[in-house]
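Each chain is listed here by its residues.
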Amino acid sequence: MTRDTLLNQIALNEYVIGKNVEGISHSDSLKEPAEGGNSVNWIMGHVVRSRNAALGLLGIPSSIDESKYEIYNDKPMSDRSKAVPFDEIMKSFKAMQPRFVEGIQNLSAEKAKATAPFSPSGNPNETVGSLIDSFVFHETYHIGQTGVLRRVTGKSGVLKPPKAQKA
């Protein structure tokens, strides 16, 4: 685990998701790709649920009603009527950002090297630090999906490459 890399990555995640969900309503957030896959509502609910677990690993108490986020486990949402309002999901994500940053900044070398309480990959040598790395990768993976899901809602992409420099 490299603290500066993780902090940079979660700052980029916050920026990218802020851009990709701009102008997306709750009903937009429930639209799924025609070929299958999850909606942006499920993706971000899943990210909030996962980030909440990462905060717990860092010793930071939950700030969400965890029962509301149970539908954002590893299975697709089967009942859209149980979806958390998209603006609430995004408020929860934004509220978690400074707490997540602080938790990573304050993570001691000793705690980072400690054996993790669980390992999604079944790694018997999983440490708190390697698990935090995995949480950030997992979050980045899903936040990347929101660029495509933005287009599923009928909105144009917002992250564009920089304009070419004239020589």
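In what follows, the structure referred to is the one given above.
Residues numbered from 1 in each chain as written. Predicted model: local features only at pLDDT ≥ 70, side-chain atom pairs only at ≥ 80, totals over all residues. Heavy atoms only, no water.

## Brief notes about the overall build of the protein
Piece 1. The helix and strand tally for the protein stands at 6 helices and 0 strands.
Piece 2. When the elements of the protein are put in sequence order from the N terminus, they spell out α-α-α-α-α-α.
Piece 3. Per-residue burial over the protein gives 40% buried out of 167 residues.
Piece 4. Taking the intrachain contacts of the protein between residues at least 6 apart in sequence as the baseline, contacts between residues at least 24 apart amount to 73%.
Piece 5. Only carbon and sulfur atoms are counted for the fraction: they give 53% of the accessible area of the protein, which is about 9400 Å².
Piece 6. Looking at charge distribution, the protein has the averaged site of its 20 positive side-chain charges lying 7 Å from that of its 18 negative ones. (Helix = DSSP H or I, 4+ residues; strand = E, 2+ residues; numbered from the N terminus. Buried < 20%, exposed > 50% of the residue type's maximum accessible area, 1.4 Å probe, protein only. Contact = heavy atoms within 4.5 Å. Areas by Shrake-Rupley, 256 points an atom, 1.4 Å probe, with all protein chains shown as cover. Lys, Arg positive; Asp, Glu negative; His and termini not counted. Charge placed at Lys NZ, Arg CZ, Asp CG, Glu CD.)

## Quick notes on the packing of aromatic side chains
Piece 1. Applying the stated criterion to the full structure yields 2 aromatic pairs.
Piece 2. Summarising the aromatic geometry, the rings of Tyr 69 and Tyr 72 are spaced 5.7 Å apart at their centres and angled 40 degrees between planes, so their arrangement reads as tilted. In this structure, Tyr 69 and Tyr 72 share a single accessibility class: buried.
Piece 3. The interplanar angle of 80 degrees and the centroid separation of 6.4 Å between the aromatic rings of Phe 118 and Phe 135 together place this pair among those described as edge-to-face. Here Phe 118 is found in the loop between α5 (109-113) and α6 (128-152), whereas its partner Phe 135 is found in helix α6, with 17 residues between them in sequence. (Phe/Tyr/Trp six-rings, centres within 6.5 Å; stacked < 30°, edge-to-face > 60°.)

## Concerning the nonpolar core
Piece 1. Formed by 41 residues in total, the largest nonpolar core has its most connected members in Met 44 and Ile 132.
Piece 2. Secondary-structure elements contributing two or more residues to this core are α1 (3-20), α3 (40-57), α4 (86-105) and α6.
Piece 3. Residue contributions to this core peak at 9 residues, all from α3.
Piece 4. Every residue in contact with Ile 132, bar those within four places of it in the chain, is listed here: Leu 6, Ala 54, Leu 57, Leu 58 and Ile 104. (Core = buried A, V, L, I, M, F, W, Y, C linked by side-chain atoms within 4.5 Å.)

## Quick word on α4
Piece 1. Helix length check: α4 (20 residues) gives 29 Å between terminal C-alpha atoms against 28 Å at 1.5 Å per residue, within 8%.
Piece 2. All of the buried residues in α4 are Phe 86, Ile 89, Met 90, Ser 92, Phe 93, Met 96, Gln 97, Phe 100, Gly 103 and Ile 104.
Piece 3. Contacts made by the buried residues of α4 are with α1, α2 (26-29), α3 and α6. (Expected span 1.5 Å × (residues − 1).)

## Comments concerning α6
Piece 1. Taking 1.5 Å as the rise per residue, α6 with 25 residues should run 36 Å; its terminal C-alpha atoms sit 36 Å apart, in good agreement.
Piece 2. Remark: the principal bend of α6, roughly 25 degrees, maps to Thr 146.
Piece 3. With its phi angle positive at about 95 degrees, Gly 154 sits one or two positions after the end of α6. (Bend = angle between axes of the 7 residues up to and from the residue.)

## Some thoughts on the packing of α4 against α6
Two numbers describe a pair of packed helices, the interaxial angle and the distance between the axes.
Piece 1. One can describe the packing of α4 onto α6 by two numbers: an axis separation of 13 Å at closest approach and a directional angle of 150 degrees. In terms of orientation, α4 and α6 fall into the roughly antiparallel class. For the pair α4 and α6, the sense of crossing is left-handed. In this structure, α4 contributes Phe 93, Phe 100 and Ile 104 to the contact, and α6 contributes Ile 132, Val 136, Glu 139 and Ile 143.
Piece 2. In terms of residue class, the contact of α4 with α6 is built from 6 nonpolar, no polar and 1 charged. (Axes fitted to C-alpha atoms, helices over the stretch in contact; angles between N-to-C directions. Parallel < 35°, antiparallel > 145°, perpendicular 65-115°, else oblique. Left-handed = near helix turned anticlockwise from the far one by under 90°. Nonpolar A, V, L, I, M, F, W, Y, C, P; charged D, E, K, R; others polar.)

## Re the side chain of His 46
Piece 1. For His 46, the location among the structural elements is in helix α3.
Piece 2. The contacts of His 46, once residues within four sequence positions are left out, are Tyr 72, Asn 73, Asp 74, His 138 and His 142.

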